[in-house]
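Observations on chain architecture
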Amino acid sequence: MIGWISGDVVAAEEDVLLIDVRGVGYEVTVTQSTLEKLDATDSVELFTHQAVRDDAITLFGFLSRDERSLFRLLIKVSGIGPRVAMAMLGTLPAQALTRCIADGETGLLTKVPGVGKRTAERVIVELKDRLDALPIGTVESDGVVEDHAVEEAIRALVGLGWRAAEVRDVVAGVHVDGESTEDLIRAALRRLGGEA
């Protein structure tokens, strides 16, 4: 199994990076947020998960081991395949996704393409008690806001389909010091939905 890859980015198409590793080109599927973070780099190091099916072998790439661990937990849930797990990680930052699961927030999870209410409930039921094994952020209610909370909220909302310019204004309007990324996303969704 290929668990890590390091090389030069030859091309990027939609959600796939073509990485040259000493003359061999590997196609690695990544999230949109990963692509954005790698925008200006020529070389990359990714933790990978190799999925083998009858008709394909696919590599999924992650910037951190923690993100890969969350991905591996997600694909153990009945009805969640690698593509849906990547959509979840691409829509919500890992910390926000972990918090949604811990808090039983089906509403945010159903914003992910391919995730309906039943699937969201299944994710919460099957993973809620397994989050302690993840070193991604904290799942307690009194989490400390990270410096990039606003950036993560904007990226998550753009991933849900809103225009970046509109989202920036809304997030700036609802941002409160000491607020977690997840609370910021919820407040922005209420404003975008016309509730506030």
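Residues numbered from 1 in each chain as written. Predicted model: local features only at pLDDT ≥ 70, side-chain atom pairs only at ≥ 80, totals over all residues. Heavy atoms only, no water.

Re the sheet that holds strand S3 (residues 24-29)
With mixed pairing, the five strands of this closed barrel are ordered in space as S1-S2-S3-S5-S4. Pairs of neighbouring strands in the sheet enclose a mean axial angle of 55°, with direction left out of account. Relative to strand S2 (residues 16-21), strand S1 (residues 4-13) runs antiparallel, the two being bridged by five bridges. Opposite Val 9, over in S2, you have Ile 19 as the bridge partner. Across the face of the sheet, helix H2 (residues 65-74) comes into contact with strand S4 (43-52) and strand S5 (57-62) while running at roughly 15° to S4. (Pairing = 2+ DSSP bridges. Helix = DSSP H or I, 4+ residues; strand = E, 2+ residues; numbered from the N terminus. Axes fitted to C-alpha atoms, helices over the stretch in contact; angles between N-to-C directions. Contact = heavy atoms within 4.5 Å.)

What about the environment of Gly 161?
Take Gly 161: it is sitting in the loop between helix H7 (149-159) and helix H8 (164-174). Separated by 70 residues in the primary sequence, Gly 161 and Thr 91 have C-alpha atoms spaced 9.4 Å apart.

A look at unusual backbone geometry
Positive phi, normally seen in glycine, also occurs at Glu 14, with a value near 50°. Tracing the chain through its elements places Glu 14 in the loop between S1 and S2. Here Arg 22, not a glycine, exhibits a phi torsion of approximately 50°, which is positive. Mapped onto the fold, Arg 22 is located in the loop between S2 and S3. The class of Arg 22 is exposed, set by a relative accessible area of 85%. (Buried < 20%, exposed > 50% of the residue type's maximum accessible area, 1.4 Å probe, protein only.)

A word on the confidence of the model for the protein
Averaged over every residue, the pLDDT of the protein is 81; the share at 70 or more is 86%. When pLDDT is averaged over each helix and strand of the protein, the minimum, 76, is found for H8 and the maximum, 94, for S3. Below a pLDDT of 50 lies the segment residues 137-147, which in the model reaches 15 contacts outside its immediate sequence neighbourhood of four places, other chains included. (pLDDT = per-residue confidence, 0-100.)

Topic: the packing of aromatic side chains
With the rule as written, the count across this model stands at two aromatic pairs. Considering the side-chain rings of Phe 60 and Phe 71, the 5.5 Å spacing of their centres and the 35° angle between planes classify their relative orientation as tilted. Of the two residues, Phe 60 is situated in strand S5 and Phe 71 in helix H2; the sequence distance between them amounts to eleven residues. Accessibility expressed as a relative area gives 2% for Phe 60, which makes it buried. Accessibility expressed as a relative area gives 0% for Phe 71, which makes it buried. Each ring, one from Phe 62 and one from Phe 71, has its centre 4.9 Å from the other, and the planes form 45°; the classification is tilted. For the pair formed by Phe 62 and Phe 71, the shared burial category is buried. Feature note: the residues Phe 60, Phe 62 and Phe 71 constitute an aromatic cluster, connected by ring pairs. (Phe/Tyr/Trp six-rings, centres within 6.5 Å; stacked < 30°, edge-to-face > 60°.)

A few points about the pattern of salt bridges
Following the criterion strictly, the structure yields six salt bridges and no others. Linking Arg 186 and Glu 105 is a salt bridge whose minimum nitrogen-to-oxygen distance equals 3.5 Å. Placement of the pair is Arg 186 in helix H9 (residues 181-192) and Glu 105 in the loop between helix H4 (94-103) and helix H5 (106-109), with a sequence separation of 81 residues. When its relative accessible area of 26% is taken as the criterion, Glu 105 is described as partly exposed. (Salt bridge = Lys/Arg side-chain N within 4 Å of Asp/Glu carboxyl O.)

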